[in-house]
Amino acid sequence: MTDARLHTRSTRWIWIAAIWCAGGLFDASQAILIMHAMDGRGSWLIPFVIVFVSWLPWVLATPLIIELARRWPIARGTVLKAVIVHLAAFAIISTVAEAWAAMLRVIFNPWHHNPPPIFVSTWYSTLIDQSLTFVIAYALILTVTYVVDSREKMERQMTETARLNAELSRAQLAALRSQMDPHFMFNTLNSIVGLVRDQRNDAAIGMIVGLSEFLRRASEDSHRAQVTLTEEVEYLQRYIDIQKVRFGDRLRVSLGIPVELGHALVPNLLLQPLVENAIKHGVSKRVAGGEIHVAGARLDHTLRLTVYNDGPWAREDMEATHGGVGLGNLRTRLQILHGDRSELLLRPVDTGGVEVVVTLPFLET
């Protein structure tokens, strides 16, 4: 048996003993008060101990009742069988408990009855007197067991759901990387080849170094579902630096993210796919290129990030981007991480251009 299971069992016994001790003390104290109210004389210690110890069978039977409650839950489809099992258990436990209490009263005669009590009559009378109390005690054990088990089950489900969501988020992130990396690598290597052919060796070396840093960072953070906004912007900057070598003056990117938002947590690989889409559907299709603006702002308890592209997108571009792998993957990851508290919108801007707006809860490290 593992240490954890031993600890759980010992903790359960401690709680059972503590609760029944409290109940036994209450019942014993009540009995002594009634005895004194009826002008009872003599020592109160022995009656107090006898009443207190009378509850010992219930203490020992509690784990059995808990086990029966779990094996035979009173639930739809098994109500009749469960009720029969619990009634039988209740009858046996009540009979044994009152036999124990009657034996103690016969042996010690704590109230000094004359003549001394007889076992059968004492057992029968106490069983009748205590029947309602025993019903309440048994029902309370069942109720507490069902409540505690239900809470533990809910906690396990929440833990398992969180674990599965984290794994799914990492899987989605890995899928996005596998979709992005070959495409990005192909274009970047073609650009490096073009720079070498043009004998622009310094630019080619700079692009190789930038690509190396970009891929190293991607590899290091591949297991993290969320990163800080500062890390995400740094990763995006490396991507932009590589793309600027490829597009030159045709690509103009500005970042408007306040420094104080740097500790906010965002999904890993959030901004780069959005900027990539802006380049693919905006800048790359125009001879003059275009401008991309990345901004961030905190609104109460939410973080809003926008990626704006000033290029006029065609309807087919809007439809392709809206249902594409990158944005679809990102929507799924946002739903996994934040549920209905997050949102991703792709919309045209009245003054021209298109923007993607990501809204998510503001969480800090």
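Heads up: the structure comes first, above all this text.
Predicted model, so just to flag it, every value in this text is computed and none were measured.

The rules behind each value
Each chain carries its own residue numbering, running from 1 in the written order of its sequence. Reporting in this predicted model follows two pLDDT cut-offs: at least 70 for local features of residues, and 80 or more for side-chain atom pairs to be given and counted; totals over whole chains, interfaces and linings ignore these cut-offs and use all residues. Remark: hydrogens and water are excluded; side-chain values derive from all non-hydrogen atoms of the structure. For helices the rule is a DSSP run of H or I covering at least 4 residues; for strands it is a run of E covering at least 2, with both sets numbered from the N terminus onward. When accessible area is computed with a 1.4 Å probe and restricted to protein chains, residues below 20% of their type maximum are described as buried, those above 50% as exposed, and intermediate ones as partly exposed. Pairs of residues are marked as contacts when any of their non-hydrogen atoms sit within 4.5 Å. We get accessible surface area from the Shrake-Rupley algorithm with a probe of 1.4 Å; when it comes to residues, only the shown protein chains can shield them. We define a salt bridge as a contact between a side-chain nitrogen of Lys or Arg and a carboxyl oxygen of Asp or Glu at a distance within 4 Å. How far a helix is expected to stretch is found by multiplying one less than its residue total by 1.5 Å. The axes used here are C-alpha line fits, helices contributing only the stretch in contact, and every angle between their N-to-C directions lies in the interval 0 to 180 degrees. Here is the rule for angles: anything less than 35 degrees is roughly parallel, anything more than 145 is roughly antiparallel, 65 through 115 is roughly perpendicular, and the remaining ranges are oblique. In this scheme the crossing of two helices becomes right-handed for a clockwise turn of the near helix relative to the far one and left-handed for an anticlockwise turn of less than a right angle. Definition of nonpolar core: a set of buried residues of the types Ala, Val, Leu, Ile, Met, Phe, Trp, Tyr and Cys, connected through side-chain atoms within 4.5 Å. DSSP bridges decide pairing: two strands pair if at least two such bridges lie between them.

Some remarks on the overall build of the protein chain
Then, in step 1: When its secondary structure is counted, the protein chain shows 10 helices and 7 strands.
Then, in step 2: Here the protein chain, with 365 residues, has 39% of them falling under the buried criterion.
Then, in step 3: In the protein chain, the share of contacts with a sequence separation of at least 24, taken over all contacts with a separation of at least 6, comes to 71%.
Then, in step 4: When the accessible area of the protein chain is evaluated, it comes to approximately 21100 Å², of which 63% is carbon and sulfur surface.

Section: the pattern of salt bridges
Then, in step 1: According to the stated counting rule, one finds 5 salt bridges in the structure shown.
Then, in step 2: Of the charged contacts in the structure, one is a salt bridge between arginine 286 and aspartate 310, with a shortest N-O distance of 3.2 Å. With a gap of 24 residues between them, arginine 286 in the loop between helix 8 (271-281) and strand 4 (290-299) and aspartate 310 in the loop between strand 5 (302-309) and helix 9 (315-322) connect regions that are remote in the sequence.
Then, in step 3: You can call aspartate 310 partly exposed: its relative accessible area is 25%.
Then, in step 4: For arginine 347, the salt bridge goes to glutamate 355, with nearest N and O atoms at 2.9 Å.
Then, in step 5: The partly exposed category is assigned to arginine 347, whose relative accessible area is 34%.
Then, in step 6: Its relative accessible area of 16% is what places glutamate 355 among the buried residues.

Examining helix 7 (residues 229-247)
An α-helical turn contains 3.6 residues, so any two residues separated by three or four positions project in the same direction.
Then, in step 1: Here helix 7 is 19 residues long and its end C-alpha atoms lie 26 Å apart, about the 27 Å a rise of 1.5 Å per residue gives.
Then, in step 2: Directly beyond the C-terminal end of helix 7, a positive phi value near 65° is found at glycine 248.

Notes on the packing of helix 2 (residues 45-53) against helix 4 (residues 79-108)
Then, in step 1: It is the contact of helix 2 with helix 4, at a shortest axis distance of 9 Å, that shows an interaxial angle of 160°. By the criterion of interaxial angle, the relationship of helix 2 to helix 4 is roughly antiparallel. For helix 2 against helix 4, the interelement crossing comes out right-handed. Mapping the contact onto sequence places Ile50, Val51 and Val53 in helix 2 and Trp100, Leu104, Arg105 and Phe108 in helix 4.

Digging into the nonpolar core
Then, in step 1: Core analysis: the largest hydrophobic core is formed by 43 residues, its most contacted members being Val266, Leu271, Val275, Ile279, Ile292, Leu303 and Val358.
Then, in step 2: Ranked by the residues each element gives to this core, the list is headed by helix 7, at 8 residues.
Then, in step 3: Discounting residues that sit within four places of it in the chain, leucine 271 has contacts with Leu229, Glu232, Val233, Leu236, Ile257, Val294, Leu305 and Val307.
Then, in step 4: Membership of the second largest hydrophobic core comes to 19 residues, among which are Trp55, Trp58, Leu68 and Ala69.

Re the sheet that holds strand 6 (residues 343-348)
Then, in step 1: Overall, mixed pairing links the 5 strands, which are arranged 2-4-5-7-6 in an open sheet. Looking at which strands have only one partner, the edges of the open sheet turn out to be strand 2 (251-256) and strand 6. The mean angle between the axes of side-by-side strands here comes to 15°, regardless of whether they run parallel or antiparallel.
Then, in step 2: As paired elements, strand 5 and strand 7 (residues 354-361) share 8 bridges and run antiparallel to each other. Across the sheet, the residue bridging to asparagine 309 is valine 354, located in strand 7.
Then, in step 3: Packing against the sheet, helix 7 makes contact with strand 2, strand 4 and strand 5, and its axis sits at approximately 165° to strand 2.

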